[in-house]
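Structural characterization, general
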Amino acid sequence: MDKSVFSFVDKRLNAETAAQSRRWIVVGTDGVTLAVMSETGEVWALQAWNFQGTSVQHAEQHIRMILGQEPSMQYTYAQSHWAWSEPQVTLAPRRLFNPDQLPDYFKILLRPNGSFQYAYESLPVFDCFLVYAIESSLQPLSLLQRSAQPSVKHLSGPLLQAFHHIADYSDHQVFVHFRFQSIQVAVFERRNLLFYNSFPFQHANDALYFILLAYEQFKLNPLDLPLILSGNLLEDSEIFRLLRRYIRTIRFAPLPSSVQLPQSAVELPAHYWFDVFSML
């Protein structure tokens, strides 16, 4: 079954107050993350579930169970923002993008006999389009969110824009976001996006390899250039200790200044919730 990683729900969250609140959900076969913010900007809920090594079919069952049984999912919100965290995603330059040929962007990435629904979003700040594919059996789940104003997108869009927002005008910057058993790696040069990709991993050495590969590809020295981390990574983990052996300076990406985590929800570090709050 799914593993509840963390659950904080303020007692003030109920059907009446939810109608004036906003909710953000990140959903994928890897797990679900949720945040709720009141009309006054207080964080009223933070929850995370990790589906460890499950198939698409089992992940769908877990997601349906959470959506159908978790009290924070039952309320109707003023706004609800749903972001897919599935790995089938790519970026297409605006001048080369063709919205009528979305499956063509995944001929090499996806198995021929798979069943997928395709979508795209414009990312003007990068002068490109984000194209993504969702397993057909999962796609209808986004319709189950209860909201007066629902929205659906892919996590890569707000994540990249959040990286861009905190990037500076230095020569290069490397960002890595951990999402349970996958990492998203982005390389910027003077706030211009040079590289973005998602990699699944099973062991700490796998994650280290993909991160150092980005450094090597752009001839960056991990002893000189800091690494900026976010997501589901703790400092007492094997992966973090391994990264410290090869990268001299590691920093954690900050949350938006408008987000103040409640004292009852500080068991996990702020950067753990970076993806769900990147949708603000």
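Counting from 1, residues in each chain are numbered in the order their sequence is written. Residues qualify for local features only when their pLDDT is at least 70, as the model is predicted, and side-chain atom pairs are given and counted only at 80 or more; totals for whole chains, interfaces and linings, by contrast, use all residues. Hydrogens are left out, water is left out, and the side-chain values use all remaining heavy atoms of the structure.

Our focus in this paragraph is the sheet that holds strand E4 (residues 43–50). If you walk across this open sheet you meet the six strands as E1-E4-E3-E2-E5-E9, and the pairing is mixed. Looking at the sheet topology across the chains shown, the edges are occupied by strand E1 (3–9) and strand E9 (150–154). For this sheet, the mean inter-axis angle between neighbouring strands, taken without regard to orientation, is 10 degrees. Any two strands are treated as partners once DSSP identifies two or more bridges connecting them. Only DSSP runs of H or I with at least four residues qualify as helices, and only runs of E with at least two residues qualify as strands; both kinds are numbered from the N terminus onward. One ladder, built from seven bridges, connects strand E2 (residues 22–28) with strand E3 (residues 31–37); its direction is antiparallel. Pairing of Arg-23 across the sheet is with Val-36, part of E3. Axes, fitted as lines to C-alpha atoms, cover a helix only where it is in contact. Angles between the N-to-C directions of the axes lie from 0 to 180 degrees.

With antiparallel pairing, the three strands of this open sheet are ordered in space as E6-E8-E7. Strands with a single pairing partner mark the edges of an open sheet, and in this sheet they are strand E6 (89–93) and strand E7 (116–123). Sheet twist, expressed as the mean angle between neighbouring strand axes with direction ignored, is 25 degrees. Both E6 and strand E8 (residues 128–135) contribute to a ladder of five bridges, which runs antiparallel. Among the inter-strand pairings, Ala-92 is bridged to a residue of E8, identified as Phe-129.

Below, the discussion takes up the packing of aromatic side chains. For Phe, Tyr and Trp, where Trp contributes only its six-membered ring, two rings pair if their centres lie within 6.5 Å, and the inter-plane angle classes them as stacked under 30 degrees, edge-to-face over 60, or tilted in between. Overall, the coordinates contain 19 aromatic pairs when judged by the stated rule. Ring plane angle 25 degrees and centroid distance 6.1 Å describe the contact between Phe-97 and Tyr-105, whose orientation is recorded as stacked. What makes Phe-97 buried here is its relative accessible area of 13%. Among the aromatic side chains, those forming a connected cluster through ring pairs are Phe-126, Phe-163, Phe-175, Phe-188 and Phe-274. Partly exposed residues are those whose accessible area sits between 20% and 50% of the maximum for their type, while under 20% is buried and over 50% is exposed, using a 1.4 Å probe and protein chains only.

Just distances and angles here, no functional claims.
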